[in-house]
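# Geometric and topological summary
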Amino acid sequence: RSGLSGELERLAAGCLLAGFEGPTVPDSLLRALEAGLGGVVLFAWNVESRQQVAQLSEALRGDREDVVVGIDEEGGDVTRLEADRGSSYPGNWALGTVDDPALTEEVAAAIGADLAGVGVNLDFAPVADVNVNPMNPIVGIRSFGSDAALVARHVAAFVTGLQRSGVVACAKHFPGHGDTQEDSHLELPTVERDDETAAAMLLPFRAAIEAGVRAVMTAHVRVAGLDDVPATLSKAAIDGLLRGELGFTGVVVTDALEMRAVSAT
């Protein structure tokens, strides 16, 4: 296509990170990259070995050096590179329990070095949620803890370590998924808040921004008193809160769009 519609389609494609199945790049994805697709997200089903992921990244960037290769590599329970045997690194809850930010920074730097070594340049980490609800089915030990100040200092340390290794950090899930009992993969959770809980929820994201985080991921949660739609789709959450009140000028990334909190609504 040519003209304005073609340019708009290319600009829109540049905002998308696609998933695909298997350890090699499908022809359909190569065509999408030629048409301007911004990049890809790798999952465990894309990973066979470190060497294979490095070759995959190289193939994805065959014609365009600017292709983003993202992954969820949090350490602990959430790993893609080591999904077959479990992460070599302690997860956030363990790091928060030790409460040594210097250690958290070094763990993140090591994860970053692993990712950079296989051509990944965006990591959807750290989790910046404060796990205040023990019934939370989606955050749990992926959080650094239930104290906002503790979570904030470890989020900042993780961001610093990861980006020191040349990999973009992405604090998630804004404005906070820690006080929910529902799983946003399955339904739309609502976060109740007052001024005190709102301030605590945002504290780790403030810390991430102060540490220079390059990206923030939105949560598919409805925040009572802020908007009736999920934060991912909310001007009040993104423009008002994240851009306005917190002053974030980096890249805003959505959580996966096939999650039912968005796809079913």
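For the structure given in this document, a descriptive report is provided here. For clarity, every value in this text was computed on a predicted model and none was experimentally measured.

### Regarding the packing of helix H6 (residues 148–164) against helix H7 (residues 195–210)
Contact geometry for H6 and H7: axes closest at 8 Å, N-to-C directions at 20°. The angle between H6 and H7 falls in the class roughly parallel. Once H6 is placed against H7, the crossing between them reads as right-handed. Where H6 approaches H7, its residues Ala148, Ala149, Val151, Ala152, Val155, Ala156 and Val159 are matched on the opposing element by Ala200, Leu203, Pro204, Ala207 and Ala208. Among the residues forming the contact of H6 with H7, the class breakdown is 12 nonpolar, no polar and no charged.

### A few points about the sheet that holds strand E3 (residues 68–71)
Taking strand neighbours across the sheet as the criterion, the 7 strands line up as E1-E2-E3-E4-E5-E7-E9 in an open arrangement whose pairing is parallel. Each end of this open sheet is capped by a strand with a single partner; those strands are strand E1 (17–18) and strand E9 (251–254). Where strand E7 (residues 215–218) and E9 come together, 4 bridges link them in parallel fashion. Counterpart to Thr218 in the pairing with E9 is Thr254. On the sheet, H6 packs against strand E4 (122–123) and strand E5 (168–174) and is oriented at approximately 150° with respect to E5.

### A look at the environment of Ala224
Position of Ala224 relative to the elements: it lies in the loop between strand E8 (222–223) and helix H8 (235–245). Each C-alpha atom of the pair Ala224 and His173 lies 16 Å from the other, and the pair is 51 residues apart in sequence. If we ignore the near neighbours within four places in the chain, the residues touching Ala224 are Thr190, Val191, Glu192 and Arg193.

### Some details on the side chain of Asp72
As for its placement among the helices and strands, Asp72 is situated in the loop between E3 and helix H4 (92–98). Side chain to side chain, Asp72 and Lys172 meet in a polar contact 3.0 Å long.

### Let's talk about the packing of helix H5 (residues 101–117) against H6
Contact geometry of H5 with H6 gives a least axis separation of 7 Å together with a crossing angle of 35°. The crossing of H5 and H6 is right-handed. Across the interface between the two elements, Pro101, Thr104, Glu105, Glu106, Ala108, Ala109, Ile111 and Gly112 of H5 pack against Arg153, His154, Ala157, Phe158, Thr160, Gly161, Leu162 and Arg164 of H6. Residue composition of the contact of H5 with H6, by class: 7 nonpolar, 5 polar and 4 charged.

### A look at the environment of Arg206
Considering the arrangement of structural elements, one finds Arg206 in helix H7. The sequence separation of Arg206 and Leu246 amounts to 40 residues, and the corresponding C-alpha distance is 6.5 Å. If we skip the residues at most four places from it in the chain, Arg206 touches Glu245 and Leu246.

### A closer look at the pattern of salt bridges
Counted by the stated rule, this structure contains 14 salt bridges. With a shortest N-O distance of 3.9 Å, Glu82 and Arg50 are connected by a salt bridge. Note that Glu82 is positioned in the loop between E3 and H4 and Arg50 in helix H3 (residues 50–60), a separation of 32 residues in sequence. Across the pair Arg164 and Glu105 runs a salt bridge, and its minimum N-O distance is 2.7 Å.

### Regarding the nonpolar core
Leu29, Leu42, Leu60, Phe174 and Val213 are the most contacted members of the largest nonpolar core, which has 48 residues in total. Per element, the largest residue contribution to this core is 7 residues, and it comes from H6. Not counting residues within four places of it along the chain, the set of residues in contact with Phe174 comprises Leu202, Phe205, Val216, Met217, Thr218, Ala219, Ala231, Ala237, Leu241, Leu242 and Leu246. The next biggest cluster of nonpolar side chains, apart from the first, holds 8 residues, and it includes Val41, Leu122, Val168 and Met217.

### Quick look at the packing of aromatic side chains
Applying the stated criterion across every chain yields a total of 3 aromatic pairs. Centroid distance Phe43 to Trp45: 5.0 Å. Interplanar angle 25°. Geometry classified as stacked. Its relative accessible area of 52% is what places Trp45 among the exposed residues. The interplanar angle of 85° and the centroid separation of 5.2 Å between the aromatic rings of Phe174 and Phe205 together place this pair among those described as edge-to-face. Separated by 31 residues along the polypeptide, Phe174 in strand E5 and Phe205 in helix H7 bring together distant segments of the chain. Judged by relative accessible area, Phe174 falls into the buried class, the value being 0%.

Reading the values: rules and limits
- Counting restarts for each chain, with residues numbered from 1 along the sequence as it is written.
- Local features in this predicted model are restricted to residues whose pLDDT is 70 or higher, and side-chain atom pairs enter the listing and the counts only when it is 80 or higher, whereas totals over whole chains, interfaces and linings include all residues.
- Calculated side-chain values reflect all of the structure's heavy atoms, with hydrogen atoms and water omitted.
- To obtain an axis, a line is fitted to C-alpha atoms, over the contacting stretch when the element is a helix, and the angle between two such axes runs from 0 to 180 degrees between their N-to-C directions.
- Secondary structure elements are defined from DSSP: runs of H or I of at least 4 residues count as helices, runs of E of at least 2 residues count as strands, and each element is numbered from the N terminus.
- Between 65 and 115 degrees an angle is taken as roughly perpendicular, under 35 as roughly parallel, over 145 as roughly antiparallel, and anywhere else as oblique.
- Note: crossing handedness is left-handed where the near helix turns anticlockwise from the far helix by less than a right angle, and right-handed where it turns clockwise.
- Note on contacts: a residue pair is in contact if any heavy atoms of the two residues lie within 4.5 Å.
- Residues are sorted three ways: Asp, Glu, Lys and Arg are charged, Ala, Val, Leu, Ile, Met, Phe, Trp, Tyr, Cys and Pro are nonpolar, and all the rest, Gly among them, are polar.
- Strand pairing is assigned whenever DSSP detects at least two bridges linking the two strands.
- Under this definition, polar contacts are N or O atom pairs within 3.5 Å; protein pairs additionally need one hydrogen-donor-capable and one acceptor-capable atom, and for neighbouring residues in sequence, both atoms have to be side-chain atoms.
- Here, a salt bridge means any Lys or Arg side-chain nitrogen found within 4 Å of an Asp or Glu carboxyl oxygen.
- Throughout this description, the term nonpolar core refers to a set of buried Ala, Val, Leu, Ile, Met, Phe, Trp, Tyr and Cys residues connected via side-chain atoms within 4.5 Å.
- To sort residues, take the accessible area from a 1.4 Å probe on protein chains only and compare it with the maximum for the residue type: under 20% means buried, over 50% means exposed, and anything in between is partly exposed.
- Here is the rule: rings of Phe, Tyr and Trp (six-membered ring for Trp) pair when centre to centre is within 6.5 Å. Planes less than 30 degrees apart are stacked, more than 60 are edge-to-face, and the remainder are tilted.

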